[in-house]
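Coordinate inspection notes
What follows is each chain in one-letter form.
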Amino acid sequence: MNVFDHWALSGVIFVPILGAILLGFVPRAQETAQKSVALLISLVTGGLMVGILARFDYNATDKLQFVTDRRWIDVIHSRYHVGVDGIALPLLALSVFITIACIIYSWDHFPEPHNPKAFLMLLLVLETGMNGTFCAEDLILFFVFFELVLLPMYFMIGVWGGPNRQYAAIKFFLFTLFGSALMILGFLALFFKGGNTFDIPTLVHNGSAIARSTQVLIFAGLFMGFAIKVPMFPFHTWLPDAHTEAPTVGSVILAAVLLKLGTYGFIRIALPVLPYAARRWAPWIGLLAVIGIIYGALGSLAQRDLKRLVAFSSVAHMGFVMLGISTLTSFGLNAAIFGMVAHGLITGMLFFLAGSIAERFNTREISRLGGLLVQAPRLGWILGFCAMASLGLPGLAGFWGEFPAILSAYQPAQGLNIALFRAFMVVAAVGTVLAAGYLLWMYQRTAFGEPSAEFAAIHVHDVHVPEWIAWTPLLLGIVAFGVYPHALFHVTDGAVHGVTAVFTSRAS
Amino acid sequence: MFFLDNAWLTWALPASAFVVILFFGRRLPGKGAEIGIAAVGGSFVLSCAAAAQWIGRGTIGEGEERVRGAVDHTLYTWFSNGQVKVPLGIHVDGLTVMMLLVVTLVSLLVQVYSTAYMHGDRRYTYFYAALALFTASMLVLVTSSTTIFLLLGWEGVGLCSFMLIGHWWEEKDNSDAALKAFFTTRLGDAGMLIGIIILFFANGQSFDIARLNRAALSGGIDHTVLVVGAVALFMGVIGKSAQFPLHTWLPDAMAGPTPVSALIHAATMVVAGVYLVARCYGVFWAAFRVGHHPAWHGISYVAVIGAITIVIAAALAFVQDDIKKVLAYSTVSQLGYMVMALGVGAWTGGIFHLFTHAFFKACLFLGAGSVSHSGSHHSFDMKKDMGGLWRAMPITHATFVIASLALAGIFPLAGFWSKDDILLTAGKNGYNAFMVVGLVGAFMTAAYMARTVYLTFYGEHRGGHHGGQHSAAGHAVDAPHESPLAITVPLVVLAAFSVVAGWLNGFGVHWFAEWTRNEVVVQAHVPEYKFSAPTAALSMAVAVAGIGVGLLYYLRHAFGPLHRATERSSLARAGYRFLLNKYYLDVLYTDIIVGSIKGAIARGAYWVNQRVIDGAVNAVGIGARALARFTYEVVDQKVVDGLVNGTGASAEGGGSVLRRLQTGRVQQYAAFLFGAGAIGALALVLYANQGAR
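As a starting point, this report considers the structure included with it.

**Thoughts on the overall build of chain B**
Within chain B one finds 29 helices and four strands. Residues classed as buried in chain B amount to 55% of the 693 residues present.

**Some details on the overall build of chain A**
A count of helical and extended segments in chain A gives 20 helices and two strands. Here the C-alpha radius of gyration of chain A, 22 Å, is about what a compact globule of 508 residues would show, namely 23 Å. The burial tally for chain A puts 67% of its 508 residues in the buried class. Sequence-distant contacts in chain A: of pairs separated by 6 or more residues, those separated by 24 or more amount to 80%.

**Description of the packing of helix α17 (residues 397-410) of chain A against helix α7 (residues 172-202) of chain B**
The description of two helices packed together rests on the angle between their axes and the distance between the axes. As a packed pair, α17(A) and α7(B) sit with axes 10 Å apart at the nearest point and diverge in direction by 55 degrees. Put simply, α17(A) runs oblique to α7(B). Crossing handedness for the pair α17(A) and α7(B): right-handed. Across the interface between the two elements, Phe403(A), Ile406(A), Leu407(A) and Tyr410(A) of α17(A) pack against Leu193(B), Ile197(B), Ile198(B), Phe200(B) and Phe201(B) of α7(B). Across the contact of α17(A) with α7(B), the residue classes tally to nine nonpolar, no polar and no charged.

**With respect to helix α19 (residues 465-483) of chain A**
Residues lying three or four places apart along an α-helix face the same way, a consequence of the helix completing one turn every 3.6 residues. Residue and element names in this part refer to chain A. End to end, α19 covers 27 Å across 19 residues, agreeing with the expected 27 Å (1.5 Å per residue, within 8%). Remark: the principal bend of α19, roughly 35 degrees, maps to Trp 471, with a proline, Pro 473, within the next four residues. Those residues of α19 that fall on the buried side of the exposure criterion are Glu 467, Ala 470, Trp 471, Leu 474, Gly 477, Ile 478, Phe 481 and Gly 482.

**Details of the environment of Tyr529(B)**
All names here are of chain B. Turning to its location among the elements, Tyr 529 is positioned in the loop between α23 (519-524) and α24 (533-555). Judged by local crowding, Tyr 529 falls into the partly exposed class, with 15 C-beta atoms found within 10 Å. C-alpha separation for the pair Tyr 529 and Asp 421, spaced 108 residues apart in sequence, amounts to 8.1 Å. For Tyr 529, the contacting residues outside a window of four places in its chain are Leu 424, Thr 425 and Lys 428.

**Observations regarding the interface of chain A and chain B**
Frequently, the measure chosen for interface size is the accessible area removed from exposure when the parts meet. Contact with chain A, which involves 56 residues of that partner, is made by 52 residues of chain B. Elements with a minimum of two residues in the side of chain A that touches chain B: α7 (165-193), α9 (212-229), α12 (275-301), α14 (330-361), α17, α18 (418-447) and α20 (486-504) of chain A. For the side of chain A that touches chain B, the leading source of residues is α7(A), giving 12 residues. Of the residues belonging to the side of chain A that touches chain B, the class tally is 38 nonpolar, 15 polar and three charged.

**With respect to the nonpolar core**
Formed by 452 residues in total, the largest nonpolar core has its most connected members in Ala270(A), Ala428(A), Ala132(B), Val277(B), Val283(B), Phe284(B) and Ala362(B). For Ala132(B), the residues in contact, after removing those within four places along its chain, are Pro14(B), Ala17(B), Phe18(B), Ile21(B), Gly36(B), Ala39(B) and Val40(B).

**Quick word on the pairing of strand β3 (residues 71-81) of chain B**
Residue and element names in this part refer to chain B. Bridge count between β3 and strand β4 (residues 84-92): nine bridges; the pairing is antiparallel. Across the sheet, residue Ser 80 finds its bridge partner in β4, namely Lys 85. Linking β3 back to β4 in an antiparallel pair, the connection comprises two residues, with Gly 82 at a positive phi of about 60 degrees.

What counts as what
Residues numbered from 1 in each chain as written. Chains lettered and ligands numbered in written order. Predicted model: local features only at pLDDT ≥ 70, side-chain atom pairs only at ≥ 80, totals over all residues. Helix = DSSP H or I, 4+ residues; strand = E, 2+ residues; numbered from the N terminus. Buried ≥ 20, exposed ≤ 12 C-beta atoms within 10 Å, placed from the backbone. Rg over C-alpha atoms; globule rule 2.2 N^0.38 Å. Contact = placed C-beta atoms within 7 Å. Axes fitted to C-alpha atoms, helices over the stretch in contact; angles between N-to-C directions. Parallel < 35°, antiparallel > 145°, perpendicular 65-115°, else oblique. Left-handed = near helix turned anticlockwise from the far one by under 90°. Nonpolar A, V, L, I, M, F, W, Y, C, P; charged D, E, K, R; others polar. Expected span 1.5 Å × (residues − 1). Bend = angle between axes of the 7 residues up to and from the residue. Core = buried A, V, L, I, M, F, W, Y, C linked by C-beta atoms within 7 Å. Pairing = 2+ DSSP bridges.

This is the structure we're talking about:
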């Protein structure tokens, strides 16, 4: 192992937060310098990420790579243990590249009360939290990064948010914190029952030895922590408020990366460490997932606010991800990870677009919009493209999150109720029709027709240069992964089989 | 076998053209049209070469088993999951080659036609981009070797249909029609998705269609599973091929430009469903026991849907005043023929009708477009703006009449041979009831086409002076005149095919049957029958009678009591209104079902979200604050403080800790929660220890 392999991951995790500190020394008045520094830092992180992607051994995706394992907090046997495998790698890359896109997008889009320095610092701290969560192989480390994400997002919503930002920010914070409290409970229980260690690979090894009734209880704690983050029905109500009030970039990060921390937690920790409990809980998770699919779609149909509509659609889409996870099959888990990446790109784009539209028209009220294709045809086309991607059109990325998830429900892991999961499959398939409904009605009302009288006279600037730079990679990603899904599936597949191996046999 | 192995080039070409037109089209001298025509022309040439190689390909097997072996070619691994590798590949056999020819030829002619018809349109370039993408998607659909890759083409044509129906999206009616088409087909696709999944597992975790057919026919798949899979798959067919009860989107789709109607909603996309059944014929054959004598009690789910569709759509064609709507219902009805054919075991008849129908229906639609372009000021209303156009538009008139006769099934035009094959096979296979339905349909078809031709081209010219319905072109001229060459040449070509296409399987030759025969048909022993004069005479007589009745009614005003019957009889009026309102299916779908989901149900769910679920969340928040206030004001200040006051100065510390509880700051909530968490942890650990013992 050379030096790069040893330190690259730590670089990806800590360069952003170090950059945030560096940014603190840039004088308040020099905004261009602040933006440049932030961009540079994110690009350096991106460069490291590219190096990791290039040097990653794609023939051994089930092995942790770029591992660093050092003493950290001896007194509680917690170690600084980081590494990536085929499950973490795509999500880590997503987090790194979405952050770059966000910094570029915000170049001249800083919401009130402006203050780019503080905003960018928070963004970089946020990135450290997200990247760290995807790399952590120690529960305490995981928890620290998982929680580190909360504060920057709290301030982003609470300071740069919309009129109702205080309520939304506190709700977001408390709701997730409530889940975290139960999650840390679960972690502590794992520590005591799993051999006095927080090390995830060791716990995966020891976990199935934990008494079954205890497993089920511990899983409940982890479930609450992760399910609130996802968010699963009925713990989702913080999401629409947070999204509606958050500034555009906050919404993008929230949708594209933060929600994945929850689903990632299920795949990384809950399933492999507690296989017996996972099987016991799977039908309930599946049930909540399909309720989420239909419920999120109905919620979207009822919305009059563009951002709120996209927020509810996230509930539906994450329902597909969770349905895949609940089947405990390789198809389902592959679909789930693909769905996370696809949702990150597509819903990230939709929030970018919602923000750009709101900025141009000063409203997100769908009924007041209309004729976007007349006033800003490129923006309108991109919105249409993303709507199609979001409703799961084959050939675009969204399909590969949805279809295999529905497919996996036909034949869930051994020991799960086949009839029940097939019922889930049918419900999920109906959900795809509703998805077409809310997205295309939204598109019809915003993009088709003539501009409303209110906005007919105003000049609407079509897509700006920073928007092009930020969006193009996302749009290309949506097409590339849609046309060639193997690019992602062959990364995740090996690692996923490592997780599901335990579920293909009856013993656990 | 270069052109068979590389049939993927046929879709790669227009797919690339789509990208080029989209990004560079507006800067080109031809505004992108030249790229589209060149690409589709290239695909057509490739298809012809593939056809030549296919016909020249040696056969394998003897006698009844004699067949040309299909060509399979894998491009790359599309995705894999453990041992399951899903290839992105093509499967070329006679059915594929036939579809390649039809799709590329009609697409090419439509693109040429559009240079004149769409001249000066607001979004001329995007129109060509969408046409190119459409052709590419359709070719993906017909060359795919797997159900999942087929689905990509399937949804791709759906997307293009959406884009093109809504081409003039400034008017809400058009975008409504586009959305309706997408939703309706998507509803069927939900079923199809499930069908694909069921058959994937039934097929040993493979999406491969050839393998699926083999497994289904050899009894390798449990019959119940097969039936469920086939019914689910068929839902997609009902949506896409506009079969009853999901046919309602197709007439509305006429909101799109006329070349689109010709290409997508008559000749190619809507036959995707028929193609799917023909492609996966092993599944449907085995699931519904199509070939069992005596005809499995004469009932086949596929055939029933097809038969219902033939009649209900043909009936609706009589009450339409819009020429495109007549043709749309006619398309629905003819698609019913194809589906019914496949349902009664007439595999060759079904796809042969698909083949011939593509030419004459495209010709009819383009003819209708030509009339509106040059004869009726961009109107499609036969009663208000047409009539007597035969003199002014001789080429349009002649081609339209030829295509109408072909559609009506008049000897020796194309439709005669294909329709005859269907009726004959239905009868011979023991599906007599369906043969009767087919004959009734043939009569109705002939009659409504007689009405249409009469109203459009004969009688008094009723041309009005009002402006065009579509502002596609600003060069409206006063008197009706013949259309330019770009329009008439495609018409003539299509009319020629409407005459001769049927001869591939007529006059005693069976080239079409021989060339399209594939391994599935051979394995299933799908029967083929020789031409039978009595059946042909019967169908011919019915068609002539239909035309005769139609002409007598309109030309000679025969059947006096029937005229103005709606004014005299309330029963006739009710029947007429029932038809005008399309059996009230649109009311049921749009107003009742969609309306309630969009309205009451969605709003109800949202109300639950805001009031019940979020209400509970907020109640917890409010409750926590109330509890904190109670703790401070009552417990702390009165009880504790009371005690503390007595004990002295140490009160300061404890009081300040508790006071922080009610200030509403995040940090304190956090501490509070962590405290609660720690206590909970302790409890859990204790409990867990208990459990371990």
